[in-house]
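# Per-entry structural report
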Amino acid sequence: MISINIQNFYIFGKYFTKVYQYLSMSLIVKDLVKQYREQFAVNHISFEAKKGQIVGFLGPNGAGKSTTMKIATCYLTPTSGTVEVCGYDVLTSSLEVRKKVGYLPEHNPLYLDMYVHEYLHFIGSLHQLKGVFRNERVKKVIELCGLGKEQHKKIGMLSKGYRQRVGLAQALIHEPEVLILDEPTSALDPLQIIEIRNVIKEVSKEKTVLFSTHILQEVKALCDRVVIINLGKIVKDSPLSDLQLQKDEVKIQIELEGEIEIEPFKHINAVIDIQKISPNKLLIKAQTDIRPEISKIALEKGWLILGMSKEETSLESIFQEATSK
Ligand SMILES: Nc1ncnc2c1ncn2[C@@H]1O[C@H](COP(=O)(O)OP(=O)(O)OP(=O)(O)O)[C@@H](O)[C@H]1O
């Protein structure tokens, strides 16, 4: 009898965990395919984004990023597979999906003859925001996206960075739960990139963000999770922190006071290679983090360590490896 109860409890627990996991997902892409004649723009991809996560969607040109995003925002229909946004299917509940999702397309289409303020009211009206509420939303997104000074200018008069801010503001006007941003910082200068990045960081609090980019620095600066796509297939899907720990090689740089000897370090088990960078600096490649062993040797020999640092595996090398096939 007891064992049945425990079993029931176990089954209920598993079921509850599954339901909880499902409910905490804002975006679920399942076995998605988009085919143009013989070409698979997207080839059976699956990934998920949790509430509150910022997911970097990476891949070389033509990998399938924009296609996936267009399907998730109801601009394209899939050949097969499903995309759910906050529990709504893009095919069967596209109106609900459009309410839940804010989209900044790659080429940020704007009406250049409209004033910023006027344009945001127009987009608000398309989302059926009315009266005082619409006024407040326009005010809020202008403030969030730092458009205060530019709101009475025509969009055509704005710099690229400010046009991107208008693009972001229109994506946010209806308070979407999910933000989909297709290369939001492409073609911007370094200063504008930092500005837009800060705006994304600010607005992404309490939202789920999927954004594509070619700038790996951006992923490091913003993302919780990274999904890498290549030739229409997902080749990596991992939290950023795990990704940088995945490689089975650690590089450690040490600096001693005075001339350094290689010999004692060669006997540490996990060492793969040692390079002398300068008379008092070494770069050691090892299978594991051997900093404690290094410290012990230095202590035994009476050497003074001036510095010791562990290099993280670079996202660039992970990206290169994942997309080189
Ligand atoms: N309408 C279409 N007809 C035929 N092929 C298409 C069409 N749209 C996209 N493709 C192809 O599908 C593939 C994926 O395109 P997609 O625009 O999704 O790539 P991407 O990862 O966004 O690339 P980029 O980083 O250059 O924007 C490409 O090879 C592209 O040429």
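Numbers given for residues are sequential positions, taken from 1 along each chain in its written order. Note on the predicted model: pLDDT of at least 70 is required for a residue's local features to be given, and 80 or more for side-chain atom pairs to be given and counted; whole-chain, interface and lining totals, by contrast, use all residues.

## What about the domain arrangement of the protein?
The domain boundaries assigned to the protein delineate domain 1 (11–239) and domain 2 (250–323). For domain 1 and domain 2, the distance between their C-alpha centroids amounts to 42 Å. We call two residues in contact whenever the C-beta atoms placed from their backbones are within 7 Å. On the side of domain 2, five residues touch domain 1, which itself brings ten residues to the contact. Under the scheme used here, helices are H or I runs from DSSP no shorter than 4 residues and strands are E runs no shorter than 2 residues, and both carry numbers assigned from the N terminus. Of all the elements in the fold, those that place two or more residues in the side of domain 1 that touches domain 2 are helix H8 (216–222), strand S9 (225–230) and strand S10 (233–239). Each residue is assigned to one class: nonpolar for Ala, Val, Leu, Ile, Met, Phe, Trp, Tyr, Cys and Pro, charged for Asp, Glu, Lys and Arg, and polar for all the others, Gly among them. Its residues assigned to classes, the side of domain 1 that touches domain 2 comprises six nonpolar, two polar and two charged. Domain start and stop points were drawn from an automatic or database domain assignment.

## Side note on the sheet that holds strand S12 (residues 271–278)
Each pair of strands is called paired provided DSSP finds at least two bridges between the two strands. Strands sit in the order S12-S13-S11-S14 across an open sheet of four strands; the sheet is antiparallel. Among the strands making up the open sheet, the edge pair consists of S12 and strand S14 (305–311). Here the average twist between neighbouring strands, direction ignored, is 15 degrees. Relative to strand S13 (residues 281–286), strand S11 (residues 250–256) runs antiparallel, the two being bridged by six bridges. Its bridge partner being in S13, Ile254 is matched across the sheet by Leu282. Docked against the sheet, helix H11 (residues 291–301) engages S11 and S14, running at close to 165 degrees with respect to S14. Between the N-to-C directions of two axes lies an angle of 0 to 180 degrees, each axis being a line fitted to C-alpha atoms and, for a helix, fitted only over the stretch in contact.

## Overview of the site of the ligand
A molecule or strand has a residue near it when that residue's C-beta atom, placed from backbone coordinates, lies within 6 Å of it. Taken together, Tyr36, Gln39, Ala41, Gly59, Asn61, Gly62, Ala63, Gly64, Lys65, Ser66, Thr67 and Glu106 make up the full set of residues near the ligand. Every element with two or more residues in the shell around the ligand is listed here: strand S2 (39–50) and helix H2 (65–72). The element contributing the most residues to the shell around the ligand is H2, with three residues.

## Digging into the nonpolar core
Ranked by internal contacts, the top residues of the largest apolar core, which has 63 residues, are Val85, Leu120, Ala169 and Ile180. Broken down by element, the residue count for this core peaks at six residues, all from helix H6 (residues 160–172). Split by domain, the residues of this core number at least three in each of domain 1 (11–239) and domain 2 (250–323). Beyond its immediate chain neighbours, meaning those up to four positions away, Ile180 contacts Met69, Ala72, Thr73, Val101, Tyr103 and Leu210. Nonpolar cores are built from buried Ala, Val, Leu, Ile, Met, Phe, Trp, Tyr and Cys residues. These are joined into a set through C-beta atoms within 7 Å. With C-beta atoms placed from the backbone, a residue is labelled by how many other C-beta atoms lie within 10 Å of its own: buried for 20 or more, exposed for 12 or fewer, partly exposed between the two. Val250, Ile252, Ala286 and Ile294 belong to the second largest nonpolar core, which has nine residues in total.

## Notes on the pairing of strand S7 (residues 178–182)
Here S7 lies mainly inside the structure; five of its five residues are buried. Inspection of the sheet shows strand S6 (residues 101–104) paired to S7 by four bridges, in the parallel sense. Counted as the bridge partner of Val101 is Val178 from S7. Pairing of S7 with strand S8 (residues 208–212) involves five bridges; the strand directions are parallel. Of the residues in S8, the one forming a bridge with Leu181 is Phe211. Place the viewer so that the strands point away; then a crossover is right-handed whenever the path from the first strand over the helix to the second strand goes clockwise. Of the crossover connections in this fold, the one passing from S7 over helix H7 (residues 190–203) to the parallel S8 is right-handed.

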